[in-house]
Amino acid sequence: MLEVIVEDITRLDVDAIVNAANSLLLGGGGVDGAIHRAAGPDLLAECRKLGGCATGDAKITSGYRLPTRHVIHTVGPVWRGGASGEDDLLASCYSRSLGIARERGLRSIAFPAISTGVYGFPADRAAEIAVKTVARASRESFARIIFCCFSESSAAHHTRALAAFHQIDQLRIAFNSASASFESHCAGPARVPISQPFLPMRIVVGSPKTLPACFKV
């Protein structure tokens, strides 16, 4: 299940939340500071032992006072115009975080909108990269993946990206199914692989505390 919500990520009771950290892993502003404040000083003490983190990479700690069991810290790229490998580095943040969660056997994970704050990554572009990377990597490994947005506009970007990916995936399934049916009719057993069904999606419109309406697509 892929979800888009507007919520405080520090309140989520999932196996892991992802922290949009800086390379020192010593806390900072935005979601990074909020996670450290909510987790308490033991989180900072563990982070000091990790030796920092490279851009596009990720490292895991315990959640301490947070409802989540783990925090996966990843360092997003600073936006420099788009010609310095920012897209690939941002995609790596999501894929490395998922990889670590998969290695630990975690089944639910929540992501913030990485790099879209003071790092200046265009929010719509970041949402497309996030959805594409997560949806392609998570079909069998995770029961629940949340895009936890800090604003309605951020949620709207992720909602549009999910809807676009959903449509493309449906078209791919329909095309492969039609191709398989055609080959079966013309030349015996089908040789075209059928793609796996798309992931179900649950999109919460607005904050769950104020606008509880949701729908599935």
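Above this text you will find the structure in question.
A brief report on the enclosed structure follows. (Residues numbered from 1 in each chain as written. Predicted model: local features only at pLDDT ≥ 70, side-chain atom pairs only at ≥ 80, totals over all residues. Heavy atoms only, no water.)

### Remarks on the layout of surface pockets
Rolled over the atoms, a probe sized like a water molecule indicates the empty space that remains. Note the following rule: Lining residues are those with an atom within 4 Å of a point, where the points come from a 1 Å grid over the protein atoms alone and group into cavities, where a 1.4 Å probe fits but cannot get out, or pockets, open sets with protein on both sides within 12 Å along at least five of seven lines. Grid points are joined across faces, edges and corners, and a volume is the space filled by probe spheres set on the points. We count a stretch as a helix when DSSP gives it H or I for four or more residues in a row; a strand needs E for two or more, and each element gets its number in order from the N terminus.
Its boundaries defined by the atoms lining it, the largest pocket holds a volume of some 530 Å³. Where the lining of the largest pocket is concerned, the elements lending two or more residues are strand S2 (16–21), helix H1 (30–39) and strand S6 (144–149). Considering every element that reaches the lining of the largest pocket, the biggest residue donor is H1, with four residues.

### Concerning helix H3 (residues 86–103)
Heads up, the rule is: The span expected for a helix works out to 1.5 Å for each residue beyond the first. Three exposure classes are used, based on accessible area relative to the maximum for each residue type with a 1.4 Å probe and protein chains only: buried under 20%, partly exposed in between, and exposed over 50%. Contact between two residues is taken to exist if any of their heavy atoms lie within 4.5 Å; hydrogens are not considered.
Between its first and last C-alpha atoms H3 spans 26 Å; for 18 residues at 1.5 Å apiece the expected length is 26 Å, and the two agree. All buried positions along H3 are accounted for by Glu86, Leu90, Ala91, Cys93, Tyr94, Ser97, Leu98, Gly99, Ile100 and Ala101. Among the structural elements, S2, strand S3 (58–62), strand S4 (70–75), strand S5 (108–111), helix H4 (123–137) and S6 are those in contact with the buried residues of H3. Among the residues trailing H3, glycine 105 stands out with phi positive, at a value near 75 degrees.

### A short note on the packing of H3 against H4
Here is the rule we go by: To obtain an axis, a line is fitted to C-alpha atoms, over the contacting stretch when the element is a helix, and the angle between two such axes runs from 0 to 180 degrees between their N-to-C directions. Crossings are classed by handedness, with left-handed meaning an anticlockwise turn of the near helix from the far one by less than a right angle and right-handed meaning a clockwise turn. Note on residue classes: Ala, Val, Leu, Ile, Met, Phe, Trp, Tyr, Cys and Pro are nonpolar, Asp, Glu, Lys and Arg are charged, and everything else, Gly too, is polar.
It is the contact of H3 with H4, at a shortest axis distance of 9 Å, that shows an interaxial angle of 35 degrees. In this structure, H3 meets H4 at a crossing whose hand is right-handed. Residues Asp87, Leu90, Ala91, Tyr94, Ser95, Leu98 and Arg102 of H3 touch H4, and the partners they reach there are Arg125, Ala126, Ile129, Ala130, Thr133, Val134 and Ala137. Its residues assigned to classes, the contact of H3 with H4 shows nine nonpolar, two polar and three charged.

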